[in-house]
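If you want the building blocks of each chain, they are given just below.
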Amino acid sequence: MAHIDPIIDKIILARVGLLLRHPFFGNMATRLKIVEASDWCKTAATDGRSIYFNRAFFEAMSVKEIEFVIAHEILHNVFDHMTRREGRDPKTYNIAADYCVNGQLIRDSIGHAVKSIQIYHDVKYYGMGSEEIYDILMYEKDPGGGGNMLDEHIDWEGDENEDHPTYSKEEMRQIRDEIREATMQAAQAAGAGQTPASIARMIKDLTEPKMNWREILRQQIQSVIKHDYSFMRPNRKGWHLNAILPGTKHAETIDICVAIDMSGSIGNDQAKDFLTEIKGIMQEYQDFKIKLWCFDTKVYNEVDYDGYSADDFDNYEVMGGGGTDFDANWNYMKEHDIVPKKFVMFTDGYPWNSWGDADYCDTVFIIHGTTSIVPPFGECAYYEFTKINA
């Protein structure tokens, strides 16, 4: 008779328990390989295809605690925490991701929280995404004081000589696509009401068609184009009045302010995409006035561009890297008597406090990273960076 590894037996029982009580997590767990990695993994880890475990760590846990750990790894995969970190501080972002995941599992009573580790958990973070929690931790400047990491968050694109597996960027994108497909299949198999609300919203965002954010931005810019009048082409509507009325001449001149959120939540690649789009706007119109700046908790590097200075745009330097204070933009505009016809903000949608002054000017928020955030005022479009950078 074949010997049954008692640790593997506990893991199998935990997966069966998830299938019976929490079918979404159970279905997701069945697609993950269980791999012992005691030589390099101190607790647990995931690369999106496998769950790696340390034997001593799992031996000390109950089946219910193993359910919690498996579900913890699943949520890291589902929420794409492996690739969403971007340019953020790795330690602080990993802590934020654990607060996000542990909070949801404890709130929804998925397994039992591990007792051997004081995990990161605080009810004040319930319902927040990892980016929003990260901003708070960076502001508080004490990210490591509230607990310990439950698992190991590994840079799977690391050195090829590392003991753990490594993947190319293309392989990581493929794994991300596999997880998204598995998430939708698991939700369908679990049935209505058996998928966590946050994941159901995410699936809705992935599957519902959205209007292209660039088109929305262009529509908003079109709304502030000046209309001058010319007697060169009389308006036919005035002929019956025995008078010559001026016809409308579209001057195609835009006059807007643009702010780029550089609070640390947005990486250089996204900033370059934003700048490329702004340059495209400049090239699209006969004449323009664009006032551009960056911000985190204050405004940096305001530069005015028009048709004569467009060639200097390629040398624009993005600045920032601190917290996120949307009010800094409105304070800056008021202090410098700037009242734009349209104010466009590129952001991840996580202000520290207020979204700004709703009554000051027409505002367009271009939000990247999530479609679950809806600003309390202004127009909104969502920057689908995962498609642009795929």
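Caption draft 1: Quick peek at the overall build of the chain. The helix and strand inventory of the chain stands at 12 helices and 11 strands. Counting every position in the chain, which comprises 390 residues, the buried fraction comes to 48%. Across the chain, the fraction of contacts at a sequence separation of at least 24, relative to all contacts at a separation of at least 6, is 63%.

Caption draft 2: Structural view of the layout of surface pockets. Of the volumes computed, that of the second largest pocket is approximately 170 Å³. Around the second largest pocket, the lining is made up of 13 residues, and of these Asp255, Ile256, Cys257, Lys289 and Lys291 lie nearest the centre. Every element with two or more residues in the lining of the second largest pocket is listed here: β6 (253-261), β7 (287-295) and β8 (299-306). Split into classes, the residues belonging to the lining of the second largest pocket amount to seven nonpolar, no polar and six charged.

Caption draft 3: Structural context of the pairing of strand β3 (residues 50-53). The side-chain alternation of β3 yields two buried faces, one formed by Ser50 and Tyr52 and the other by Ile51 and Phe53. Both strand β2 (residues 44-46) and β3 contribute to a ladder of three bridges, which runs antiparallel. In the strand pairing of β3, Ala45 is matched with Tyr52. Where β2 folds back onto β3 in an antiparallel hairpin, the turn is made up of three residues, including Gly48, whose phi is positive at roughly 95°.

Caption draft 4: Looking closely at the environment of Asp306. Considering the arrangement of structural elements, one finds Asp306 in strand β8. The class of Asp306 is partly exposed, set by a relative accessible area of 28%. Taking the C-alpha atoms as reference points, Asp306 and Phe288, 18 residues apart in sequence, are found 5.2 Å from one another.

Caption draft 5: Looking closely at the packing of helix α5 (residues 90-107) against helix α6 (residues 130-140). Viewed as axis vectors pointing N to C, α5 and α6 meet at an angle of 125°, and their least axial separation amounts to 8 Å. Looking at the two axes, α5 sits oblique to α6. Of the two elements, α5 crosses α6, and the hand of that crossing is right-handed. Along the contact surface, α5 presents Thr92, Tyr93, Ile95, Ala96, Ala97, Tyr99 and Cys100, while α6 presents Ser130, Glu131, Ile133, Tyr134, Leu137 and Met138. When its residues are assigned to classes, the contact of α5 with α6 shows 10 nonpolar, two polar and one charged.

Caption draft 6: Region of interest: a nonpolar patch on the surface. Together, Ile12, Val16 and Leu20 give the surface a local cluster of nonpolar side chains, amounting to about 290 Å² of exposed area. On the secondary structure map, Val16 appears in helix α1 (residues 6-21).

Caption draft 7: Layout of unusual backbone geometry. Here Asp80, not a glycine, exhibits a phi torsion of approximately 60°, which is positive. If you trace the backbone, Asp80 turns up in the loop between α4 (63-78) and α5. Of the residues examined, Asp80 reaches a relative accessible area of 14% and is grouped as buried. One non-glycine residue, Asn301, lies in the positive phi region at around 50°. Tracing the sequence through the fold places Asn301 in strand β8.

Caption draft 8: Examining the side chain of Asn77 more closely. By the element assignment, Asn77 lies in helix α4. For Asn77, the side chain forms a polar contact with the side chain of Thr46, separated by 3.2 Å. In contact with Asn77, not counting residues within four places along its chain, are Leu32, Thr46, Asp47, Gly48, Met82 and Ile179.

Caption draft 9: The sheet that holds strand β1 (residues 33-36), seen in detail. Read across the sheet, three strands follow the order β1-β3-β2 without closing on themselves; strand pairing throughout is mixed. Of all the strands in the sheet, the pair left with one neighbour each is β1 and β2. When the angles between neighbouring strand axes are averaged without regard to direction, this sheet yields 25°. In terms of strand pairing, β1 meets β3 through four bridges, oriented parallel. By the bridge assignment for β3, Glu36 is matched with Phe53.

Caption draft 10: Quick peek at helix α2 (residues 23-30). For α2, the tally of buried residues reaches six of eight residues, placing the bulk of the element in the interior. Those residues of α2 that fall on the buried side of the exposure criterion are Pro23, Phe24, Phe25, Gly26, Met28 and Ala29.

Caption draft 11: Main features of the packing of α2 against α4. Two elements in contact, α2 and α4, have axes whose closest approach is 10 Å; the angle formed by their N-to-C orientations is 80°. Classed by the angle they form, the pair α2 and α4 counts as roughly perpendicular. Residues Phe24, Phe25, Met28 and Ala29 of α2 pack against Ile70, Ala71, Ile74, Leu75 and Val78 of α4. Among the residues forming the contact of α2 with α4, the class breakdown is nine nonpolar, no polar and no charged.

Criteria and cut-off values
- Residues numbered from 1 in each chain as written.
- Predicted model: local features only at pLDDT ≥ 70, side-chain atom pairs only at ≥ 80, totals over all residues.
- Heavy atoms only, no water.
- Helix = DSSP H or I, 4+ residues; strand = E, 2+ residues; numbered from the N terminus.
- Buried < 20%, exposed > 50% of the residue type's maximum accessible area, 1.4 Å probe, protein only.
- Contact = heavy atoms within 4.5 Å.
- 1 Å grid on protein atoms, 1.4 Å probe; cavity = no way out; pocket = protein on both sides within 12 Å on 5 of 7 lines; lining within 4 Å.
- Points joined across faces, edges and corners; volume = space filled by probe spheres on them.
- Nonpolar A, V, L, I, M, F, W, Y, C, P; charged D, E, K, R; others polar.
- Pairing = 2+ DSSP bridges.
- Axes fitted to C-alpha atoms, helices over the stretch in contact; angles between N-to-C directions.
- Parallel < 35°, antiparallel > 145°, perpendicular 65-115°, else oblique.
- Left-handed = near helix turned anticlockwise from the far one by under 90°.
- Patch = residues over 30% accessible without salt bridge, like charges linked within 9 Å, V, L, I, M, F, W, Y side chains within 5 Å.
- Areas by Shrake-Rupley, 256 points an atom, 1.4 Å probe, with all protein chains shown as cover.
- Salt bridge = Lys/Arg side-chain N within 4 Å of Asp/Glu carboxyl O.
- Polar contact = N/O pair within 3.5 Å; in protein donor to acceptor, adjacent residues only side chain to side chain.

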